[in-house]
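# Commentary on secondary and tertiary structure
Below are the chains, spelled out letter by letter.
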Amino acid sequence: MKKNEVPQDKSSLSAINMKELCYATDENGNYTTALSEGWEPKTIALTNAMEDINERIAAAKIQVQQGKISPIAYYMELHKMDIGILASYVGKWQWQVKRHFKPSVFQKLSGKVLQQYATTFGITVAELKNSTTN
Amino acid sequence: MQLDFTHHQSAHCENGVASNLLKNNGLAISEPMVFGIGSGLFFVYLPFIKVNHAPAISYRPLPGMIFNRMARRLGITIKRQKFGSEEKASRALNEKLDEKIPVGLQVGVYNLTYFPDEYRFHFNAHNLVVYGKEGDNYLISDPVMQTVTTLTTEELNRVRFAKGAFAPKGQLYYPIHIPKDIDYKKAIHKAIRQTCRDMLAPVPIVGVRGIKFVARQIRKWPVKYGNKKANHYLAQMVRMQEEIGTGGGGFRFIYAAFLQEASVLLHNEQLNILSAEMTAIGDSWRDFAVQASRVYKNRSAQTDVYNTLADQLLDIANREEVFFKKLRKAI
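Residues numbered from 1 in each chain as written. Chains lettered and ligands numbered in written order. Predicted model: local features only at pLDDT ≥ 70, side-chain atom pairs only at ≥ 80, totals over all residues. Heavy atoms only, no water.

Here we take up the UniProt feature "domain: Butirosin biosynthesis protein H N-terminal" (unreviewed entry) in chain B. Residues annotated in UniProt with the feature "domain: Butirosin biosynthesis protein H N-terminal" (unreviewed entry) correspond here to residues 12-143 of chain B. Along residues 12-143 of chain B, the helical share is 32% and the strand share 28%, with 7 Å between the first and last C-alpha atoms. (UniProt positions renumbered as here; feature names shortened; annotations may be inferred. Helix = DSSP H or I, 4+ residues; strand = E, 2+ residues; numbered from the N terminus.)

Following this line, the structure appears as structure tokens:
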């Protein structure tokens, strides 16, 4: 990539005045560095990823409201986690976390376990429990 | 308390931290040199591991390896420590700062508050330097940022003890010995040989063969997984390639910069010619990203567009195969 080809497409980085460093060649073919404001293909990939996450969050929310899954599954999506990551945060096996997705199991969870999930999601136990209503 | 430390922005976090820590210890070494001597260029396709619900593709070796290999080849000793508790980790960090030693930390990205929201995902192999503490604020030099920043004790603890794959466990590291005379020639020879060996490895998911494997898989994605999933996989591939540590084009440009620097050090003109060739291959990786982004932006999953992309990737793989065979002979 030549230095004058380093992309300067507006991105979420521009919004916070952040620029990325790129390696590029000058007119004599010698390597130098240049700052980039962003690159459209990257922005498109990011937007796509965010849309995907938002769809997952919305779908989980509906399922919680319908009583099909517990709020834990919703908060997992909200925090861009998957079962493996959530399990390591709360120090449980993946099958245990999956079980906690069942509303009937969730109802019977002890205060201690609920607290572990609440801490992981940065909310209170009350918020975790009541999230079905809002 | 603020230590004497100069922040230099870099394209990739691990190279940047290594280069910044060594520069701070009086060894002028560029980011491309760190990347090249650490044999940072790599490719592995791990379809059985899912990252963000898509098959994992890594354009680099395991976290920490670039710095470790580079250190070993240059005779530098690095001390690395992991901790069982936040208290111990904090105490060790504060002790080092009291001793006026800036330290590198491995951290999770998700809770790095100074990143834009969409850049914050669960990736635990990010690196930064702590070079001081003022009140409750740690002074942070994150090499991918233009300027230095700060994190509170609580924020720093959270990123040091992020969970999941590559959990940092509070890991900190710093160089403890840098030899006076460094034999760059020998190190560069070893490093280039390893990169050629990795990229030409007779393993179906590694190096050039790995890239060819992905190219074959891409053709099948729309039929096998349907429109939505195929597009998601492709978008994730571009994210891993161009955003998460600048894997595809970005790494090729850093490697080309390394070859150029090495060509001067080794008085080997052939390396400079190969540097230009690597730059052209890097440009092709970027063209691939442009084409791929069009495909999933338009939500198109016709097999012909996927076939075109696969052809493009296959062409890159073939060119890299020729390139690394030439590079192996050039040193």
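Read on for the rest.
Of the voids in this model, the second largest pocket is the one considered here, and its volume is about 500 Å³. Forming the walls of the second largest pocket are 19 residues, and the residues nearest its centre are Tyr89, Thr119 and Thr120 of chain A together with Arg158 and Phe161 of chain B. For the lining of the second largest pocket, the secondary-structure elements that each account for two or more residues are helix H4 (83-90) and helix H7 (111-121) of chain A together with helix H5 (153-160) of chain B. Top element by residues in the lining of the second largest pocket is H7 of chain A. It accounts for 4 residues. Taken together, the residues of the lining of the second largest pocket break down into 6 nonpolar, 9 polar and 4 charged. (1 Å grid on protein atoms, 1.4 Å probe; cavity = no way out; pocket = protein on both sides within 12 Å on 5 of 7 lines; lining within 4 Å. Points joined across faces, edges and corners; volume = space filled by probe spheres on them. Nonpolar A, V, L, I, M, F, W, Y, C, P; charged D, E, K, R; others polar.)

This part takes up helix H7 (residues 207-243) of chain B. Residue and element names in this part refer to chain B. Taking 1.5 Å of rise per residue, the 37 residues of H7 would be expected to cover 54 Å, yet its terminal C-alpha atoms sit only 20 Å apart, more than 12% below that figure. Most pronounced at Gly226, the bend in H7 amounts to some 130°. The buried fraction of H7 is high, at 26 of 37 residues. (Expected span 1.5 Å × (residues − 1). Bend = angle between axes of the 7 residues up to and from the residue. Buried < 20%, exposed > 50% of the residue type's maximum accessible area, 1.4 Å probe, protein only.)

Contact with chain A, which involves 38 residues of that partner, is made by 44 residues of chain B. Note that Glu51 of chain A is salt-bridged to Arg299 of chain B, the shortest N-O span being 3.1 Å. One can count 17 residue pairs in polar contact (both at pLDDT 80 or more) joining chain A with chain B. For the side of chain A that touches chain B, the secondary structure elements donating two or more residues are helix H1 (12-15), strand S1 (20-25), strand S2 (31-36), helix H2 (40-65) and H4 of chain A. Among the elements that line the side of chain A that touches chain B, the one with the most residues is H2 of chain A, at 13 residues. Of the residues in the side of chain A that touches chain B, the class split is 20 nonpolar, 8 polar and 10 charged. (Contact = heavy atoms within 4.5 Å. Salt bridge = Lys/Arg side-chain N within 4 Å of Asp/Glu carboxyl O. Polar contact = N/O pair within 3.5 Å; in protein donor to acceptor, adjacent residues only side chain to side chain.)

Let us look at the pairing of strand S1 (residues 44-51) of chain B. Residue and element names in this part refer to chain B. With 5 bridges joining them, S1 and strand S2 (residues 54-58) adopt antiparallel strand pairing. Paired with Val51 across the bridge in S2 is Ala54. From the end of S1 to the start of S2, which pair antiparallel, there are 2 residues, and Asn52 there has a positive phi angle of about 50°. (Pairing = 2+ DSSP bridges.)

Once that is clear, we can look at the pattern of salt bridges. Note that side chains of opposite charge can pair when their charged atoms are close. If you walk through the whole model with that rule in mind, you get 14 salt bridges over all chains. We note a salt bridge from Lys42 of chain A to Glu20 of chain A, for which the minimum N-O separation is 2.9 Å. With a gap of 22 residues between them, Lys42 of chain A in helix H2 and Glu20 of chain A in strand S1 connect regions that are remote in the sequence. Across the pair, exposure class does not vary: Lys42 of chain A and Glu20 of chain A are buried alike. Here Lys96 of chain B ties to Glu99 of chain B by a salt bridge, and the two come within 3.0 Å at their closest N and O atoms. For Lys96 of chain B, a relative accessible area of 12% puts it in the buried group.

Next up on the list: the side chain of Thr153 of chain B. Residue and element names in this part refer to chain B. When you line up the elements, Thr153 lands in helix H5. Side chain to side chain, Thr153 and Asp136 meet in a polar contact 2.5 Å long. Ignoring anything within four residues of it in the chain, the contact list for Thr153 reads Lys133, Asp136 and Tyr138.

Below, the discussion takes up the nonpolar core. Core analysis: the biggest nonpolar cluster contains 98 residues, and Leu313 and Leu327 of chain B have the highest contact counts within it. The element best represented in this core is H7 of chain B, accounting for 14 residues. Two domains each put at least three residues into this core: domain 1 (13-38 + 77-177) and domain 2 (184-330) of chain B. The residues contacting Leu313 of chain B, other than those within four sequence positions of it, are Ile211, Val214, Ala215, Ile218, Met237, Trp285 and Phe288 of chain B. Of all hydrophobic cores here, the second largest spans 30 residues; its members include Leu46 of chain A together with Val130, Val144 and Tyr174 of chain B. (Core = buried A, V, L, I, M, F, W, Y, C linked by side-chain atoms within 4.5 Å. Domains from an automatic or database assignment.)

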